[in-house]
Amino acid sequence: MKVIPSCLKCVRCGKTYDLSQVRYNCQCGGTLDLTRDFSGVDGRELKKLWDSRWGAKRGVYASGVWRYKELILDIDDSCIVSRQEGNTRLYPAGKAGEYAGLKNFYLKHEGENPTGSFKDRGMTCGSTAAKFYGARTVACASTGNTSASMASYAAVSGMKSVIFIPEGKIAYGKLAQALAFGGKTLQIRGNFDDAMRLVQEVCRELNIYLLNSINPFRIEGQKAIGFEVLQQLDWQVPDWFVIPGGNLGNNTALSKGLQELYELGIIAKIPRIAVIQAAGSAPLANMWKHKTPFRAVENPETIATAIKIGNPVSWEKSLRGLEWCNGVVEDVTEQEIMDAKAMVDAAGIGAEPASCCSVAGAKKLVEAGVIDPEAQVVGILTGNILKDPDAVIGYHKDELGKLNIRGTYANQPQVIDCTLEAVRQALE
Ligand SMILES: *Cc1c(COP(=O)(O)O)cnc(C)c1O
Ligand SMILES: [Zn+2]
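Now for a description of the structure that goes with this document.

Conventions used here
- Residues numbered from 1 in each chain as written.
- Chains lettered and ligands numbered in written order.
- Predicted model: local features only at pLDDT ≥ 70, side-chain atom pairs only at ≥ 80, totals over all residues.
- Heavy atoms only, no water.
- Helix = DSSP H or I, 4+ residues; strand = E, 2+ residues; numbered from the N terminus.
- Rg over C-alpha atoms; globule rule 2.2 N^0.38 Å.
- Buried < 20%, exposed > 50% of the residue type's maximum accessible area, 1.4 Å probe, protein only.
- Contact = heavy atoms within 4.5 Å.
- Areas by Shrake-Rupley, 256 points an atom, 1.4 Å probe, with all protein chains shown as cover.
- Lys, Arg positive; Asp, Glu negative; His and termini not counted.
- Charge placed at Lys NZ, Arg CZ, Asp CG, Glu CD.
- Pairing = 2+ DSSP bridges.
- Axes fitted to C-alpha atoms, helices over the stretch in contact; angles between N-to-C directions.
- Donors = N, O, S within 2.8 Å, 3.2 Å for Na, K, Ca; no water.
- Patch = residues over 30% accessible without salt bridge, like charges linked within 9 Å, V, L, I, M, F, W, Y side chains within 5 Å.
- Salt bridge = Lys/Arg side-chain N within 4 Å of Asp/Glu carboxyl O.
- Near = heavy atom within 4 Å.
- Polar contact = N/O pair within 3.5 Å; in protein donor to acceptor, adjacent residues only side chain to side chain.
- Parallel < 35°, antiparallel > 145°, perpendicular 65-115°, else oblique.
- Nonpolar A, V, L, I, M, F, W, Y, C, P; charged D, E, K, R; others polar.

1. Things to note about the overall build of the chain
Part 1 of the reasoning: Looking only at helices and strands, the chain features 15 helices and 13 strands.
Part 2 of the reasoning: Here the chain has a C-alpha radius of gyration of 21 Å; the compact-globule value for 428 residues is 22 Å, and the two agree.
Part 3 of the reasoning: In terms of principal-axis extent, the alpha carbons of the chain reach across some 70 × 50 × 45 Å.
Part 4 of the reasoning: Taken over 428 residues, the chain has a buried fraction of 58%.
Part 5 of the reasoning: Considering only intrachain contacts with a sequence separation of at least 6, the fraction spanning at least 24 residues in the chain is 69%.
Part 6 of the reasoning: As displayed, the chain has an accessible area near 17,900 Å², and 49% of this comes from carbon and sulfur atoms.
Part 7 of the reasoning: Charged side chains in the chain number 49 positive and 47 negative. The centres of these two groups are separated by 5 Å.

And the structure:
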């Protein structure tokens, strides 16, 4: 396969930059993304090549991101920093499907990535770029999963990592991973949006490579979620993808990847994308529903800490993708998120709260008549159930009253005497 030429292009003004120098933003302040020249590229050949790599046992093509290398990043294999990420399962939604009112509902479990979230797909690509640019230190602001992922990829590739997290506001499992993988962890006094501002300044001033989702290479890696779903469905295109939205990088990646497949003739139908935000952190949903200009949310709140973001960096890119695919944006309440999570968990699949916006949102859109109950729908579960045990225990013990969340489907633990009779009673 010949090399597909690529460069960075401003989303706002269209100015292009070659890849020789580190750049996160355009001179005009707009965000950048990687664009490719597809002239002379044969989509059928690409598809054949990717299918031939399916099930590779080792090497870079054993990764569910680098399997699609031609549309990820053209770089020498020796530069690639990989943990064989991706290769996540696509489950029939079971009980969660009944709950959402959908007959053909699949859940793509990105919580099955090496560090337990889809962030690994972006991080393999971002870390590879960091290596390519000769970085020795990488940094990010994070609601948790990005830092866990970055610290791991930095550790496997011999880079240092610096993590900025909002003080006291990230799930325990994620903080544990960041510390365990050796990330220098700075808990700043402020929220995620403050941390995001600070890390950009730090990277500029201290010559550290920035691995937030503003980093265009991370978006490229995350496109592979959509590629892999399609490959798992033998390239049959579902009617809908439903995906949670926080910083809005992931849905941007999904639509960008699908658009590339469409341009290459690899898919002939455009699936619709529904982005689901938590009602307390929903700048995109607010804008969408009220047809108002973008306005950041001052003090974002939600139990789904992975998407507790008031000023998402990728909102412009995200909208561009939604326009392309005739997408929609919806928001869901805290109760809806946690009840949907109880159903995803009870289905035996399990995921962290933010992930379950996919199911809560699908249910809401089916009820609203936007998604047909017969439609084929793929929900993205973005993170692992073990990331946030506090949320699970709080719900099942019905102790989230102060957040106005009831344990609707609580599975309460019981304390009993150590006798057969007590067990018999408990099982009645
Ligand atoms: C990062 C993250 C999200 C949000 O993705 P964005 O690209 O920021 O929209 C959702 N769920 C989980 C579990 C995450 O880690
Ligand atoms: Zn520009």
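So much for the structure itself; the text now carries on.
2. Section: the sheet that holds strand β11 (residues 272-278)
Part 1 of the reasoning: One open sheet holds the six strands; their spatial order is β4-β5-β13-β10-β11-β12, and the pairing between them is mixed. With partners counted over all chains shown, the strands left at the sheet margins are β4 (90-92) and β12 (328-332), one partner each. The average angle at which neighbouring strand axes cross in this sheet is 25°, direction not considered.
Part 2 of the reasoning: On the sheet, helix α8 (residues 224-232) packs against β4, β5 (104-109), β10 (240-244) and β13 (376-381) and is oriented at approximately 130° with respect to β5.

3. Remarks on the coordination of the zinc ion (ligand 2)
Part 1 of the reasoning: Coordination of the zinc ion (ligand 2) by the protein involves C10 (SG), C13 (SG), C26 (SG) and C28 (SG), with metal-donor separations of 2.3 Å.
Part 2 of the reasoning: On the accessibility criterion, C13 (46% relative accessible area) is partly exposed.

4. Concerning the environment of L210
Part 1 of the reasoning: With respect to the helices and strands, L210 occurs in strand β9 (residues 209-210).
Part 2 of the reasoning: Judged by its relative accessible area of 1%, L210 falls in the buried class.
Part 3 of the reasoning: For the pair L210 and Y17, spaced 193 residues apart in the sequence, the C-alpha separation amounts to 18 Å.
Part 4 of the reasoning: Those residues in contact with L210 that lie beyond four places of it in its chain are Y24, A139, V199, Q200, C203 and N215.

5. Overview of a nonpolar patch on the surface
Part 1 of the reasoning: Residues I416, V423 and L427 make up a contiguous nonpolar surface patch of about 280 Å² in total accessible area.
Part 2 of the reasoning: Checked against the element boundaries, L427 lands in helix α15 (residues 420-427).

6. Considerations on the site of ligand 1
Part 1 of the reasoning: Surveying the vicinity of ligand 1 reveals 15 residues, the closest of which are K119, N145, G246, N247 and T382.
Part 2 of the reasoning: N145 places a polar side-chain atom, nitrogen or oxygen, 2.7 Å from an oxygen atom of ligand 1.
Part 3 of the reasoning: Contact distances for ligand 1 include 2.7 Å between a nitrogen atom and a side-chain N or O atom of T382.

7. Quick look at the pattern of salt bridges
Part 1 of the reasoning: Following the criterion strictly, the structure yields 27 salt bridges and no others.
Part 2 of the reasoning: The salt bridge partner of E112 is R89, with a shortest N-O separation of 2.9 Å. With E112 in the loop between β5 and α3 (119-132) and R89 in the loop between α1 (43-53) and β4, this residue pair connects regions lying 23 residues apart in the sequence.
Part 3 of the reasoning: With a shortest N-O distance of 3.0 Å, E367 and K363 are connected by a salt bridge. In this pair, E367 and K363 both sit in helix α13 (residues 357-367), four residues apart, roughly one turn of the helix.
Part 4 of the reasoning: Given the relative accessible area of 59%, E367 is considered exposed.
Part 5 of the reasoning: Within this structure, R36, E220, K223, K256 and E260 form a network of salt bridges that share partners.

8. Here's the deal with the packing of helix α12 (residues 334-346) against helix α14 (residues 389-396)
Part 1 of the reasoning: Interhelical geometry of α12 versus α14 gives an angle of 95° and a closest axis separation of 11 Å. The orientation of α12 relative to α14 falls into the category roughly perpendicular. Residues M338, D339, K341 and A342 of α12 touch α14, and the partners they reach there are A391, V392 and Y395.
Part 2 of the reasoning: In the contact of α12 with α14, the residues fall into five nonpolar, no polar and two charged.

9. Re the pairing of β5
Part 1 of the reasoning: Relative to β5, β4 runs antiparallel, the two sharing three bridges. Across the sheet, residue P92 finds its bridge partner in β5, namely Y106.
Part 2 of the reasoning: Pairing analysis gives six bridges linking β5 to β13, with the strands arranged parallel. Counterpart to N104 in the pairing with β13 is Q376.

10. Section: unusual backbone geometry
Part 1 of the reasoning: At N207, a residue that is not glycine, the phi angle is positive and equals roughly 55°.
Part 2 of the reasoning: Along the chain, N207 falls in the loop between α6 (192-206) and β9.
Part 3 of the reasoning: Here N207 falls in the exposed class, since its relative accessible area comes to 73%.

11. Some words on the packing of α12 against α13
Part 1 of the reasoning: The interhelical angle for the contact between α12 and α13, taken along N-to-C directions, is 105°, at an axis separation of 8 Å. The orientation of α12 relative to α13 falls into the category roughly perpendicular. Of the residues in α13, those in contact with E336, I337, A340 and V344 of α12 are C357, V359, A360 and K364.
Part 2 of the reasoning: For the contact of α12 with α13, a count of residues per class yields six nonpolar, no polar and two charged.

Any functional reading would require information that these geometric values do not contain.
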